[in-house]
Amino acid sequence: MVVFKDEKWIDKCPICTTDRYFSPDMKFLVNLECYHRMCESCVDRIFGSGPALCPYQNCGKTLKKRQFKEQIFDDINIEKEVDIRRRVCKIFNKTESDFKKPGEYDLYLEKIEDMVYNLTNEIDVEKTEEELLKYEEANRGLININNDRVKQNLIKFQQKQEMEKNLREQKRKLKEESLLEQQEDELYYEKEVKRKLLDSASDVPAEKIINQLKFEFEQRTEMRKKKLDESIKALTSQLTNSDIEKDKNKKVTTPFTPYDGDKDLEFKFTLNDSYDDFATNNAKNNPAYLAGGWRVEQVYERALQQAFIGIGCFIDEKVVLSSQGIESF
Ligand SMILES: [Zn+2]
Ligand SMILES: [Zn+2]
């Protein structure tokens with residue numbers, strides 16, 4: 001058992017004392033139960049063969065390897081608050097338009113802040129968790145609809161960004177091509193001026209030759225600019241229209257299926273490390289199976305997925321979303 005203050009050990013694993021200075025690839029992990037940090041190899045060593053006690057003194061929590069995640073923020077309190085906020089806001093996910101009276105939304109936001117503060121600082125944890133659970137049960141339908149809306153908006157935003165990126169890339173190419181043509185033209189007219197001036201058979205005055213070629217060159221430059229502007233305009237409207245067209249077609253042609261024909265990726269079960277299963281008990285440690293890449297965990301996961309599939313899928317809500325043209329995943 002160890003007791004170390006996190007601040008002093010910002011770059012060292014408090015369990016094995018490995019220093020990040022000497023192992024730059026070292027990753028720190030935290031678990032969602034007690035947020036005690038340790039390095040990835042300590043997690044592998046301590047929790048690799050099943051649940052075990054947290055090695056921090058006075059912690060006493062039993063942890064599983066699966067509960068660990070990479071530490072993103074240096075400050076563990078921020079890490080914890082961000083996770084808690086994400087969890088609370090996934091349940092308390094109403095938007096301003098869900099409220100009719102002024103001020104109600106502010107009270108709602110204040111409520112969220114109180115809950116996040118309490119859970120982060122371990123004040124009235126049981127009461128707050130209970131409140132969260134009650135709210136979730138009472139508002140499940142609306143919560144799902146709002147979460148789907150958030151996901152949908154995010155997808156639309158990403159698609160728009162992707163489209164703008166494509167547009168910028170194609171514009172850049174067009175400009176590059178045009179610039180290259182311009183440079184080739186400049187070289188050509190430079191040579192042409194010299195060739196015509198040195199032509200002994202010609203009796204056209206030098207000034208006239210230069211003016212004539214200059215005029216031609218300027219005309220071509222002007223035409224090129226116009227062509228570039230038109231191509232960019234056409235490209236912009238083509239991409240914008242195709243996006244709108246795509247949206248329209250989607251609404252008309254996509255038949256309704258829950259999860260749009262996909263499966264629910266948020267599993268409604270907790271996968272244990274091991275099960276007493278007569279069908280796989282003998283096989284799970286058999287080198288003949290393991291050598292071929294077979295793992296018993298995959299069997300457990302697939303069996304549970306098939307058993308739980310469809311649970312938590314509320315067809316009525318999905319139909320409503322689908323009729324509004326909102327995809328739900
Ligand atoms: Zn360590
Ligand atoms: Zn702990």
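One can find the structure itself at the top, above this paragraph.
Residues numbered from 1 in each chain as written. Chains lettered and ligands numbered in written order. Predicted model: local features only at pLDDT ≥ 70, side-chain atom pairs only at ≥ 80, totals over all residues. Heavy atoms only, no water.

(A) Broad picture of the overall build of the protein chain. Secondary structure assignment for the protein chain yields nine helices and five strands. Starting at the N terminus and walking to the C terminus, you meet the elements of the protein chain as β-β-α-β-β-β-α-α-α-α-α-α-α-α. By the burial criterion, 27% of the 329 residues in the protein chain qualify as buried. Across the protein chain, contacts joining residues at least 24 apart in sequence account for 60% of those joining residues at least 6 apart. (Helix = DSSP H or I, 4+ residues; strand = E, 2+ residues; numbered from the N terminus. Buried < 20%, exposed > 50% of the residue type's maximum accessible area, 1.4 Å probe, protein only. Contact = heavy atoms within 4.5 Å.)

(B) Layout of the coordination of the zinc ion (ligand 1). Those donors, C13 (SG), C16 (SG), C39 (SG) and C42 (SG), are the protein atoms that reach the zinc ion (ligand 1), and they lie 2.3 Å from it. Read in sequence order, the donor residues coordinating the zinc ion (ligand 1) give the pattern C-x2-C-x22-C-x2-C. Residue C13 is located in the segment before strand 1 (28–31), and its partner C42 is located in helix 1 (residues 40–47); the two are separated by 29 residues in the primary sequence. Here the two residues C13 and C42 agree in accessibility, since each one is buried. (Donors = N, O, S within 2.8 Å, 3.2 Å for Na, K, Ca; no water.)

(C) Inspection of the sheet that holds strand 1 at higher detail. Spatially, three strands are ordered 2-1-5 in an open sheet, and the strand pairing comes out antiparallel. The strands lining the two open edges of the sheet, one partner per strand, are strand 2 (38–39) and strand 5 (68–70). As paired elements, strand 1 and strand 2 share two bridges and run antiparallel to each other. Bridge pairing links F28 to C39 in strand 2. (Pairing = 2+ DSSP bridges.)

(D) Layout of the coordination of the zinc ion (ligand 2). The coordination sphere of the zinc ion (ligand 2) contains the protein donors C34 (SG), H36 (ND1), C54 (SG) and C59 (SG), at a distance range of 2.0 to 2.3 Å. Viewed at the metal, the four donor atoms of the zinc ion (ligand 2) are separated by angles of 99 to 123°, and the geometry they form is tetrahedral. Counting residues between consecutive donors of the zinc ion (ligand 2) along the chain gives the motif C-x1-H-x17-C-x4-C. Of this pair, H36 sits in the loop between strand 1 and strand 2 while C54 sits in the loop between strand 3 (52–53) and strand 4 (62–63); the two residues are 18 residues apart in sequence, bridging distant segments of the chain. C54 gets classed as buried once you look at its relative accessible area, which sits at 1%. (Tetrahedral: all angles 85-135°; square planar, octahedral: opposite > 155°, others 65-115°.)

(E) Up close: the packing of aromatic side chains. Evaluation of the coordinates by the stated rule reveals 11 aromatic pairs. Pairing Y189 with F217 gives two aromatic rings, centres 5.6 Å apart and planes at 65°, and the pair type is edge-to-face. A residue pair is termed long-range when its members are at least 10 positions apart, and Y189 in helix 5 (residues 140–197) and F217 in helix 6 (residues 206–253) qualify at 28 residues. Since its relative accessible area comes to 8%, Y189 is described here as buried. Summarising the aromatic geometry, the rings of Y289 and W294 are spaced 5.6 Å apart at their centres and angled 55° between planes, so their arrangement reads as tilted. Owing to a relative accessible area of 43%, Y289 belongs among the partly exposed residues under this scheme. Overall, the relative accessible area of 24% leaves W294 in the partly exposed class. Here a set of aromatic residues connected by ring pairs shows up, and it is made of F92, F99, Y105, Y108 and Y135. (Phe/Tyr/Trp six-rings, centres within 6.5 Å; stacked < 30°, edge-to-face > 60°.)

(F) Representation of a negative patch on the surface. A contiguous patch of negative charge, built from E96, D106, E110 and D114, is present on the exposed surface. One can find E110 in helix 3 (residues 104–120). (Patch = residues over 30% accessible without salt bridge, like charges linked within 9 Å, V, L, I, M, F, W, Y side chains within 5 Å. Areas by Shrake-Rupley, 256 points an atom, 1.4 Å probe, with all protein chains shown as cover. Salt bridge = Lys/Arg side-chain N within 4 Å of Asp/Glu carboxyl O. Lys, Arg positive; Asp, Glu negative; His and termini not counted. Charge placed at Lys NZ, Arg CZ, Asp CG, Glu CD.)

(G) View of the pattern of salt bridges. The full count for this structure, using the stated rule, is 19 salt bridges. The salt bridge involving E192 is made with R195; its shortest N-O contact spans 3.0 Å. With E192 and R195 both in helix 5 and three residues apart, the pair spans about one turn of that helix. The class of E192 is buried, set by a relative accessible area of 12%. R195 sits in the partly exposed class, given a relative accessible area of 48%. Linked through salt bridges whose partners overlap, the residues forming this network are K69, E79, D83 and R86.

(H) Fine view of the packing of helix 3 against helix 4 (residues 125–138). The geometry of helix 3 relative to helix 4 is characterised by a closest axis approach of 9 Å and an angle of 135° between their N-to-C directions. Here helix 3 is positioned oblique relative to helix 4, judged by the angle of their axes. By crossing handedness, the relation of helix 3 to helix 4 is classed as left-handed. For the pair helix 3 and helix 4, contact is made by Y108, K111, M115, N118 and L119 and by V125, T128, E129, E131, L132 and Y135, respectively. The residue inventory of the contact of helix 3 with helix 4, partitioned by class, reads six nonpolar, two polar and three charged. (Axes fitted to C-alpha atoms, helices over the stretch in contact; angles between N-to-C directions. Parallel < 35°, antiparallel > 145°, perpendicular 65-115°, else oblique. Left-handed = near helix turned anticlockwise from the far one by under 90°. Nonpolar A, V, L, I, M, F, W, Y, C, P; charged D, E, K, R; others polar.)

Read these as geometric descriptors, not functional statements.
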